[in-house]
Amino acid sequence: MSEWWDKQIQRADYLAPRANGAKELLNFYAHLLRAQRDIYEFLRSRRGWLPSGELECDLPVLLDALPEFLKAIQSHGPESLAAEAHDLSETDTQVMTERLMMYWRNSSDIQFFEKALLQPYLRWVFCGGNPQVSFLKNKETTAESGNRDLICATCLSSWEFRRVVCANCGEERPAKLGYFHSPEFDHVRIEACETCKHYLKGVDLTRAGFAAPIVDEIDAAPLDLWAREHGYTKIELNLVGV
Ligand SMILES: [Zn+2]
Ligand SMILES: [Zn+2]
């Protein structure tokens, strides 16, 4: 039942030692994914319990997974996150309850602990948040072009989306949509919109079928630098803050 998580972890473990500019981020993310897989398994293995979809009701169960998660971040996170995890582990869980409820009502991509804890929960419940990354894959029906899917930044589910349209504002005039490639990352590109000045990355699975979009997206962090330097804002930062 955690095959999806295992696939992300394997990909992060594979890319980290080969990484081109994002080695530390990938190493951390590999640990983070393991901690999230543990949360997911913890939730799914509760006998006689199913998520209601109302965070307020499900929170007590999710918070049971908090201590182990904080330990993992203390051991493997970058200094600032490790320190915050330590502080949180000594804070009343009421504080985390309030933070999670606030995030639930109005999510933000700079709230690491809220987002990291809720992703495994939402992976099960589905939410409808901002896209993190897009990917192209061959489908039997349109094998010549490949369709585009988006992966939700919050719950990590994917959904089909038209190929030539901005995932942020809906712009669909091709002249307003730009793509940036770098030879170092053959299967990853920046998909940018001139109208709203936002972008996300796209992973082309027709070139690298073994890629895991949310992991390869981190491996290609140098592309984000290019996008920022050219005045684009990412639709949603990923869990390691890129
Ligand atoms: Zn979602
Ligand atoms: Zn746009």
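Residues numbered from 1 in each chain as written. Chains lettered and ligands numbered in written order. Predicted model: local features only at pLDDT ≥ 70, side-chain atom pairs only at ≥ 80, totals over all residues. Heavy atoms only, no water.

Across its full length, the chain carries 9 helices and 7 strands. Its C-alpha radius of gyration of 18 Å places the chain within 12% of the 18 Å reference for a compact globule of 242 residues. For the chain, the residues scored as buried account for 49% of the 242 residues in total. Put simply, of all contacts in the chain between residues at least 6 apart along the chain, 58% involve residues at least 24 apart. Counting only carbon and sulfur atoms, one obtains 49% of the accessible surface of the chain, whose full area is about 11800 Å². Both charge centroids of the chain, one from 27 positive and one from 36 negative side chains, sit 5 Å from each other. (Helix = DSSP H or I, 4+ residues; strand = E, 2+ residues; numbered from the N terminus. Rg over C-alpha atoms; globule rule 2.2 N^0.38 Å. Buried < 20%, exposed > 50% of the residue type's maximum accessible area, 1.4 Å probe, protein only. Contact = heavy atoms within 4.5 Å. Areas by Shrake-Rupley, 256 points an atom, 1.4 Å probe, with all protein chains shown as cover. Lys, Arg positive; Asp, Glu negative; His and termini not counted. Charge placed at Lys NZ, Arg CZ, Asp CG, Glu CD.)

Moving on, we get to the domain arrangement of the chain. Here the domain parsing of the chain yields domain 1 (2–124) and domain 2 (131–234). Once you take the C-alpha centre of each, domain 1 and domain 2 turn out to be 24 Å apart. Domain 1 puts 20 residues into the contact, and the matching count from domain 2 is 19 residues. Summing both sides of the interface, domain 1 and domain 2 together bury roughly 1700 Å²; the carbon and sulfur share of this comes to 60%. (Domains from an automatic or database assignment. Buried area = accessible area lost by both parts, 1.4 Å probe.)

On inspection of all chains with the given rule, the structure shows 20 salt bridges. One salt bridge connects Arg 99 with Glu 114, and the closest N-O pair in it is separated by 2.9 Å. Here Arg 99 is found in helix α6 (residues 93–105), whereas its partner Glu 114 is found in helix α7 (residues 112–125), with 15 residues between them in sequence. Here Glu 114 falls in the buried class, since its relative accessible area comes to 2%. The shortest N-O distance in the salt bridge between Glu 191 and Arg 189 comes to 2.9 Å. The exposure class of Glu 191 is buried, given its relative accessible area of 6%. The exposure class assigned to Arg 189 is buried, which follows from its relative accessible area of 15%. (Salt bridge = Lys/Arg side-chain N within 4 Å of Asp/Glu carboxyl O.)

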